[in-house]
Amino acid sequence: MIKEKYNALSKPVKASFWFALCSFAQKGISFITVPIFTRLMSAEQYGMFSLYQSWDSVIIVFATLNLSYQVFNNGLVKYEDDQEGYTSSMLGLSNACTTILLGLYLIFQDQVNAFTGLSTSLFLLMFLQYYFNQALALWTVKERFFYRYRLLVAITIVSSVVSSALGVAAVILCDDKVFARIASLALVNIVVGVGIYANILRGSRKMVCLKYWKFALALNLPLIPHYLAMTVLGSSDRIMIASICGASFTAYYSVAYNVASIMTMLISSINSSYIPWFYQRMRDEDGEAVSRVSRMLLVIVGAVCLAPALFGPEVVMILGSEAYLEGTWVIPPVSAGVYFTFLYTLFSNYELFYENSKLIMVASIGAAALNVILNFVFLPVFGFVAAGYTTLACYISLALFHYWGMRRVAKQDARRSVPFDTKTVLFVSVALAVLSVGVSLLYFNDIVRYAAIICAALMAFAKRKTLAKVFKEMKSR
């Protein structure tokens, strides 16, 4: 019966199912290994690993221009008669950018190493990955574009398992545990990337095509500030904590951020159903349905974000150890930040529906700049915990800005209306922010905290039918 229903699904639906499952498996494997590495590595070592990841997420924007993002999909449509040539050309352009940036690094490596706190060996490993990771990234987008999921899912899951197992072995056997952890990840990525790289070149060796390069640069360069700003917003905390407070505190903060990554994944799954449904309802001018569903989704997401905060000490003990308990205080604001991330995407979806993307770039740059300024002011005074609250403040500012942007877009045409209940949005958002701060106070009394957990669980159980109804409505598009 189940097999028959599965076979009756369309190819895009099957692909979406497997891509979602693959994403959960990949994140799940990564999440499971966190407690292992936090016990095999000291807090300072794990903090250095987190610092490397933060700098990597910033540098890759310049080294590859994120050519596997929107611009690649656009090119696959625009140059459908030469998709193989376009793909190899994007790989060539990415490699050219990586080579230029590598050359600049080699010239100024002493200054860069001193500024970032990373060694030359780590930087060379980082750049080596970029040459082959971009081949994997381009191939992944192309497979998703054509709904080809079997090989992609297999490679993703096997790579995740192998890199995690190899990482554990390398950290146990090697004295330089930071380099061992990073090198184990890099080795698997490079081996897989080499195979994909060769496959792309078999299809076409048109790595230098000025026509394709000009198209990609014209479309993609204006988006670089947005990509960079969002990366800075997500990574500057750990970089500045390492610089101002020390690598050990970066580790404490990173454990809390790992909790947020799981919530982000769950909310992304909600969004994968909500966004197509939202576009359909907006096209049909069914603002009432959007308002009704969005109200319930805000409550659901708020509850999801409060849950890990309530279990803060237990979560930290599982992912880290008693040495990481200081990181418990970061979980409430970081969790609340995930809620406001979801909130601002509700408003930005409205802006994108009416093809107004300029406001998104302005908002991203403003939030990133605000995050750096607030961290610079408050980290020396209040320590690493302040980073959680500065990030929360930035996501709140993003939500407010996009709310204003949504209202602005709506006013451009009298036929447009805002399909969100402002009073409900304000009430849920303020309640979530207040409760997040309140949860921190519960850490002083476990009995009261456990009582709050039981009450929350009973409320969720009582409203289970209402919750199910919301998701059922989103699927009926």
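Owing to the predicted nature of the structure, the values given are computational and were not obtained by experimental measurement. (Residues numbered from 1 in each chain as written. Predicted model: local features only at pLDDT ≥ 70, side-chain atom pairs only at ≥ 80, totals over all residues. Heavy atoms only, no water.)

1. Quick word on the side chain of Thr 156
The topology assignment puts Thr 156 in helix H8 (residues 150-173). When its relative accessible area of 15% is taken as the criterion, Thr 156 is described as buried. Excluding its chain neighbours within four sequence positions, the residues that come into contact with Thr 156 are Cys 22 and Gln 26. (Helix = DSSP H or I, 4+ residues; strand = E, 2+ residues; numbered from the N terminus. Buried < 20%, exposed > 50% of the residue type's maximum accessible area, 1.4 Å probe, protein only. Contact = heavy atoms within 4.5 Å.)

2. Describing helix H18 (residues 422-442)
The end-to-end C-alpha separation of H18 is 30 Å, in line with the 30 Å expected for 21 residues at 1.5 Å each. Looking at H18, one finds that the buried residues are Thr 424, Val 425, Val 428, Ser 429, Leu 432, Ser 436, Val 439, Ser 440 and Leu 442. Axial view of H18: buried residues confined to an arc of 150°, hence all on one face. Of the exposed residues in H18, those oriented more than 90 degrees away from the buried face are Lys 423, Leu 426, Phe 427, Val 434 and Leu 441. Put simply, Asp 421 is the residue that caps the front of H18, since its side-chain oxygen is 3.2 Å from the backbone nitrogen of Lys 423. (Expected span 1.5 Å × (residues − 1). Arc of directions from axis to C-beta. Polar contact = N/O pair within 3.5 Å; in protein donor to acceptor, adjacent residues only side chain to side chain.)

3. Quick notes on the nonpolar core
Residues Met 90, Tyr 274, Tyr 339 and Leu 343 are the most contacted members of the largest nonpolar core, which totals 129 residues. The greatest single-element share of this core, amounting to 15 residues, is contributed by helix H12 (residues 247-283). Beyond its immediate chain neighbours, meaning those up to four positions away, Leu 343 contacts Leu 298, Ala 399, Val 425 and Ser 429. (Core = buried A, V, L, I, M, F, W, Y, C linked by side-chain atoms within 4.5 Å.)

4. Description of the packing of helix H3 (residues 43-64) against helix H9 (residues 177-203)
For any two helices packed against each other, the geometry is given by the interaxial angle and the distance between the axes. Between H3 and H9, the shortest axis-to-axis distance is 9 Å and the interhelical angle comes to 40°. One way to sum up the angle between H3 and H9 is to call them oblique. When the axes of H3 and H9 are compared, the crossing they make is right-handed. Listed contacts from H9 to Gln 45, Met 48, Phe 49 and Tyr 52 of H3 are Lys 177, Val 178, Arg 181, Ile 182 and Leu 185. Among the residues forming the contact of H3 with H9, the class breakdown is 6 nonpolar, 1 polar and 2 charged. (Axes fitted to C-alpha atoms, helices over the stretch in contact; angles between N-to-C directions. Parallel < 35°, antiparallel > 145°, perpendicular 65-115°, else oblique. Left-handed = near helix turned anticlockwise from the far one by under 90°. Nonpolar A, V, L, I, M, F, W, Y, C, P; charged D, E, K, R; others polar.)

5. Regarding a nonpolar patch on the surface
Nonpolar side chains collect at one region of the surface, where Ile 373, Phe 376, Val 377, Phe 378, Val 381 and Phe 382 lie side by side and expose about 640 Å² of accessible area between them. For Val 377, the position within the fold is in helix H16 (residues 358-382). Classification of Val 377 as partly exposed rests on a relative accessible area of 42%. (Patch = residues over 30% accessible without salt bridge, like charges linked within 9 Å, V, L, I, M, F, W, Y side chains within 5 Å. Areas by Shrake-Rupley, 256 points an atom, 1.4 Å probe, with all protein chains shown as cover. Salt bridge = Lys/Arg side-chain N within 4 Å of Asp/Glu carboxyl O.)

6. Considerations on the side chain of Thr 250
Tracing the sequence through the fold places Thr 250 in helix H12. By relative accessible area, Thr 250 is classed as buried at 0%. A polar contact of 3.2 Å, which involves the side chain of Thr 250, links it to the backbone nitrogen of Ala 242. Those residues in contact with Thr 250 that lie beyond four places of it in its chain are Gly 47, Ser 50, Leu 51, Arg 238, Ile 241 and Ala 242.

7. Comments concerning unusual backbone geometry
At Leu 65, a residue that is not glycine, the phi angle is positive and equals roughly 60°. Owing to a relative accessible area of 11%, Leu 65 belongs among the buried residues under this scheme. The backbone phi angle of Asn 66 is positive, close to 50°, even though this residue is not glycine.

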